[in-house]
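Coordinate inspection notes
Below are the chains, spelled out letter by letter.
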Amino acid sequence: TDTTGELLQVFTNTVLGEAYDQAGDQPDESELKAHVGDYRIGGPVPRGALVLTCGVDVQGDRLEARVWGWGRGEESWLIGHWVIWGCPAEREPWAKLDGVLLSEWPTEDGRVLRIAASSVDVAGHYTDEAIDYCRPRFASNVFGTIGRAGDRPIWPSRPIKPKKKDRKYASYVVGIDQAKQVIYARLKRETPGAGYIHLPATVGREYVEQLAAEALVTHFAKGRPVISWRVRSAGRRNEALDCAVLALASLRAWERAGGQLVAP
């Protein structure tokens, strides 16, 4: 019963001191597999996609990039994903990322799309190198971002001022909690259309596991309940989810600049 669940949650948090999983707030892997469609990565972009955005996660030994296509009502398709191996302190992985961001994607109905906006995480590994990559590409809508939890919008109204006087680069704070809530709610939708998320037939099990890597949990801090997103199990990777968050943030940045998802 609901009462039993509430008691279990209180016992888990106050007696055991553990986080309580909010069951139903995140999709499971079987639900994600239902979103796998009949298009393929490397093939034509589905005709419903009108705009492409990219999210880039910076790791200690690689860059991970995901390109998403967006249609009317923010129906979306995973268009491509890359793991670019190489130390981000070196130029080579960033040069390969340029190859992704500057690519052209033909669509099923004869159009050609390019990436409208990209977000690169500059708050984790190799911050200086990530900022140095984003700074000269600002005019191409390549933004340096910092993900933060809490009650904040997916894309801010303005960037934050740099802490270092010599940095002279303003990053954008992405509201990761709200973005994850939007993504996971959409992954639980059963019918294609507005807000529905499509995955390609070529997507692997690892990608699906990464996309469903986190859960919304409640824990107590100083006697008060705190709800936050956490990786479901230690060591589980979540780069696919992080990149999806950044791709959604990129769409919001494009929309704030006047972009509209209107069919040609």
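Here, every reference points to the structure presented above.
Report follows, based on the coordinates. Keep in mind that what you see is a predicted model, and the values were worked out from it rather than measured.

Reading the values: rules and limits
Residues numbered from 1 in each chain as written. Predicted model: local features only at pLDDT ≥ 70, side-chain atom pairs only at ≥ 80, totals over all residues. Heavy atoms only, no water. Helix = DSSP H or I, 4+ residues; strand = E, 2+ residues; numbered from the N terminus. Buried < 20%, exposed > 50% of the residue type's maximum accessible area, 1.4 Å probe, protein only. Contact = heavy atoms within 4.5 Å. Areas by Shrake-Rupley, 256 points an atom, 1.4 Å probe, with all protein chains shown as cover. Axes fitted to C-alpha atoms, helices over the stretch in contact; angles between N-to-C directions. Parallel < 35°, antiparallel > 145°, perpendicular 65-115°, else oblique. Nonpolar A, V, L, I, M, F, W, Y, C, P; charged D, E, K, R; others polar. Core = buried A, V, L, I, M, F, W, Y, C linked by side-chain atoms within 4.5 Å. Disulfide = S-S within 2.5 Å. Expected span 1.5 Å × (residues − 1). Salt bridge = Lys/Arg side-chain N within 4 Å of Asp/Glu carboxyl O. Pairing = 2+ DSSP bridges.

Right, let's get into the overall build of the protein. A tally of regular secondary structure across the protein gives seven helices and 11 strands. Buried positions account for 47% of the 264 residues belonging to the protein. Taking the intrachain contacts of the protein between residues at least 6 apart in sequence as the baseline, contacts between residues at least 24 apart amount to 66%. Only carbon and sulfur atoms are counted for the fraction: they give 50% of the accessible area of the protein, which is about 13,400 Å².

Turning our attention to unusual backbone geometry. Here the phi dihedral of Y126 falls at roughly 55°; this positive angle occurs in a residue that is not glycine. Along the chain, Y126 falls in the loop between β6 (112-121) and α4 (127-134). The backbone phi angle of N141 is positive, close to 60°, even though this residue is not glycine. Secondary-structure assignment places N141 in the loop between α4 and β7 (142-148).

Bringing the packing of helix α5 (residues 176-187) against helix α7 (residues 239-256) into the picture now. One way to put it is that α5 packs onto α7 with a least axis distance of 10 Å and a crossing angle of 100°. In terms of their interaxial angle, α5 and α7 are classed as roughly perpendicular. Where α5 approaches α7, its residues I176, A179, K180, V182, I183, Y184 and R186 are matched on the opposing element by L241, A244, V245, L248 and R252. Class assignment of the residues belonging to the contact of α5 with α7 gives a composition of nine nonpolar, no polar and three charged.

The biggest cluster of nonpolar side chains holds 67 residues, and the ones touching the most others in it are W68, L97 and I183. The dominant element in this core, judged by the number of residues it contributes, is α7, at 11 residues.

In this section: the state of the cysteines. Simply put, disulfide is the name for a covalent bond between the sulfur atoms of two cysteines. If you walk through the whole model with that rule in mind, you get zero disulfides. With no disulfide of its own, C54 has C243 as its nearest cysteine by sulfur position, at a separation of 7.3 Å. According to the relative accessible area criterion, C54 is buried, its value standing at 0%. What makes C243 buried here is its relative accessible area of 0%.

Here the focus is α7. Count 3.6 residues to each turn of an α-helix, and residues three or four apart come out pointing the same way. Taking 1.5 Å of rise per residue, 18 residues should cover 26 Å, and α7 covers 25 Å from first to last C-alpha, within 8% of that figure. In terms of burial, α7 is a largely internal element, 14 of the 18 residues being buried. Remark: G258 follows α7 within two positions and exhibits a positive phi of approximately 110°.

This part is about the pattern of salt bridges. All told, the structure shown has 17 salt bridges when counted by the stated rule. D132 is the partner of R135 in a salt bridge, and the nearest nitrogen-oxygen pair spans 3.2 Å. Judged by relative accessible area, R135 falls into the partly exposed class, the value being 34%. Note that E214 and K180 form a salt bridge whose closest N and O atoms lie 2.7 Å from each other. Here K180 lies in helix α5 and E214 lies in strand β10 (residues 214-221), a separation of 34 residues in the sequence. Comparing E214 with K180 shows no difference in burial state: the two are buried.

Within strand β3 (residues 62-70), nine of the nine residues are buried, leaving the element largely enclosed by the surrounding structure. Both β3 and strand β4 (residues 76-85) contribute to a ladder of nine bridges, which runs antiparallel. The residue of β4 that forms the bridge with V67 is G80. Linkage of β3 to β4, two consecutive antiparallel strands, is achieved through a turn of five residues, within which G73 is found at a positive phi near 70°.

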